[in-house]
Amino acid sequence: MTDVARVMIVDDDRAIRWVLERALAQPDLEIETIERADRVLDRLLENPPDVLVTDIRMPGIDGLDLLARVQEVHPDLPVIVMTAHSDLDSAVASYQGGAFEYLPKPFDVDEALALVRRAVAHARERQRPVSVPEGLDAEIIGEAPAMQEVFRAIGRLSHSHITVLINGQSGTGKERVARALHQHSPRAGKPFIALNMAAIPRDLIESELFGHEKGAFTGATAQRQGRFEQANGGTLFLDEIGDMPAETQTRLLRVLADGEFYRVGGHTSVKVDVRIIAATHQNLETLVEDGRFREDLFHRLNVIRIHLPTLAERREDIPRLARHFLAEAAKELATDVKVLTADAEAHLTRLAWPGNVRQLENTCRWLTVMASGREVLIEDLPQELREVDSAEAVAGDWRSAFRDWADRALDAGHTHLLEEAVPDFERILIETALKHTGGRKGEAAELLGWGRNTLTRKLKTLLPALAEGE
Ligand SMILES: Nc1ncnc2c1ncn2[C@@H]1O[C@H](COP(=O)(O)OP(=O)(O)OP(=O)(O)O)[C@@H](O)[C@H]1O
């Protein structure tokens, strides 16, 4: 595939073709629109696209028929099926027919574009040779001490087939680390299959994981391999494992124990050898306590744990990451590489980044398209990043550091966290307020929003040395 991805749009409705063509008018996408589904197969043979977007209801061949035929000739081509907004049945049927995704109409143009981009990325993924030379694919940037810990863990695990659980907020690079673990493992030449529990409708998860036999349910027109079979010999990455439904947890536990399973509707067991890497942004211990995650499954997965820090906890990596993403975006969009001025770089380094590395990556892509010159100034940044004042940045910073503290404390088995944290929290605020007022307690109480008596009482318990003289 070249850098420009080809997208084919099939719809009998001229207005929809027009809207989609405008929505997808991007330098790295080439759009072809087709009015009649029966023309598509010929075009597929002549000049196959990288992604196909089709309406579901059309005269003659409808979207689901088309999907079935496309699957025969081009099983790897991602197909996005457009359905009416409330039509859950068609949505389910399109998944069961092997669609990559469905797009409910009316759609938001940004949503349509994001979905097509995801399908392009997926197609690229599929076309990549399975055996990836070491280190080439999953370059992970990270000089910060917390990332060095992660690298060390990847290194230590490189001869092992052990199950790993990756913890970290959304966008911190969990999937990237999972890929790196795979590529640096004895399974490197075998498939790496990723599946996000939060992204699949609940009733399709089992068939997605374990496959199904022909006729297992309405719409199961052919036998289908599940992700477990596809990952045989390699690694299965289960993202957002905390969202896995209870029944599936039970089945997964059984597969992990027995190394075999039944396809949905099947009677013969299938044996597999799959390494599991799971990831979550949630606290699995809490889910276990609340009865939402099986404790025995948790223990099976929680053999080795890798914690990924938020981007705010590794600010020193921001300049290198930004340069890397600007270079990548320029390659992707076939344009010149943008360069951050020292001011812009310092500004980016101070921001809170609640969306973590993914948000930085998206910002760099945005800058590559939107910044007018080759040099990127603070003024070129998107509005919401330009206007953040440093107090807010600092606030974002301590909140994520605090969140991380809570994560670690829970990981280490602490309980009664409020008892541990609240006194510290109050003590720090009191000390800072007193510093600002030169030790005058009445004014400090006001700065804190407390009455003077409350401050006196708090000082006695929290900072007895300062309470003297009261
Ligand atoms: N250290 C890194 N170096 C280079 N690229 C990175 C790094 N960390 C993350 N990325 C990139 O940032 C994006 C987000 O990472 P990834 O998808 O791995 O995050 P995630 O934690 O799995 O997110 P989510 O939980 O939302 O699925 C990806 O495009 C990934 O390639």
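Definitions and cut-offs
- Residues numbered from 1 in each chain as written.
- Predicted model: local features only at pLDDT ≥ 70, side-chain atom pairs only at ≥ 80, totals over all residues.
- UniProt positions renumbered as here; feature names shortened; annotations may be inferred.
- Helix = DSSP H or I, 4+ residues; strand = E, 2+ residues; numbered from the N terminus.
- Buried ≥ 20, exposed ≤ 12 C-beta atoms within 10 Å, placed from the backbone.
- Contact = placed C-beta atoms within 7 Å.
- Axes fitted to C-alpha atoms, helices over the stretch in contact; angles between N-to-C directions.
- Parallel < 35°, antiparallel > 145°, perpendicular 65-115°, else oblique.
- Left-handed = near helix turned anticlockwise from the far one by under 90°.
- Nonpolar A, V, L, I, M, F, W, Y, C, P; charged D, E, K, R; others polar.
- Near = placed C-beta within 6 Å.
- Domains from an automatic or database assignment.

- As named in an unreviewed UniProt entry, the chain is DNA-binding transcriptional regulator NtrC, taken from Halomonas cerina.
- Looking at the chain in UniProt, the text filed under Function (unreviewed entry) is "Member of the two-component regulatory system NtrB/NtrC, which controls expression of the nitrogen-regulated (ntr) genes in response to nitrogen limitation. Phosphorylated NtrC binds directly to DNA and stimulates the formation of open promoter-sigma54-RNA polymerase complexes."

### Considering the overall build of the chain
- Across its full length, the chain carries 21 helices and 14 strands.
- Sorting the 470 residues of the chain into buried and exposed places 31% on the buried side.
- Sequence separation of at least 24 residues holds for 71% of the intrachain contacts in the chain that already meet a minimum separation of 6.

### As for the UniProt feature "modified residue: 4-aspartylphosphate" (unreviewed entry) in the chain
- Annotation from UniProt places "modified residue: 4-aspartylphosphate" (unreviewed entry) at D55.
- As for its position among the elements, D55 is in strand 3 (residues 51-55).
- If sequence neighbours within four positions are ignored, D55 has contacts with V10, D11, D12, D13, I16, G63 and M82.

### Comments concerning the packing of helix 13 (residues 318-332) against helix 14 (residues 342-350)
- The N-to-C vectors of helix 13 and helix 14 enclose an angle of 115 degrees; their axes lie 9 Å apart at closest approach. When the axes of helix 13 and helix 14 are compared, the pair comes out roughly perpendicular. Between helix 13 and helix 14 lies a crossing whose hand is right-handed. Between helix 13 and helix 14, the contacting residues are I318, P319 and A322 on the first element and E345, L348 and T349 on the second.
- Within the contact of helix 13 with helix 14, the residues separate by chemical class into four nonpolar, one polar and one charged.

### Looking at the site of the ligand
- Close contacts around the ligand come from 17 residues, with S170, G173, K174, E175 and V357 the closest.
- Taken together, the elements giving at least two residues each to the shell around the ligand come down to helix 7 (174-183) and helix 15 (356-370).
- For the shell around the ligand, the per-class residue count stands at four nonpolar, seven polar and six charged.
- Counting contributing residues, the shell around the ligand receives three or more from each of domain 2 (146-307) and domain 3 (311-392).

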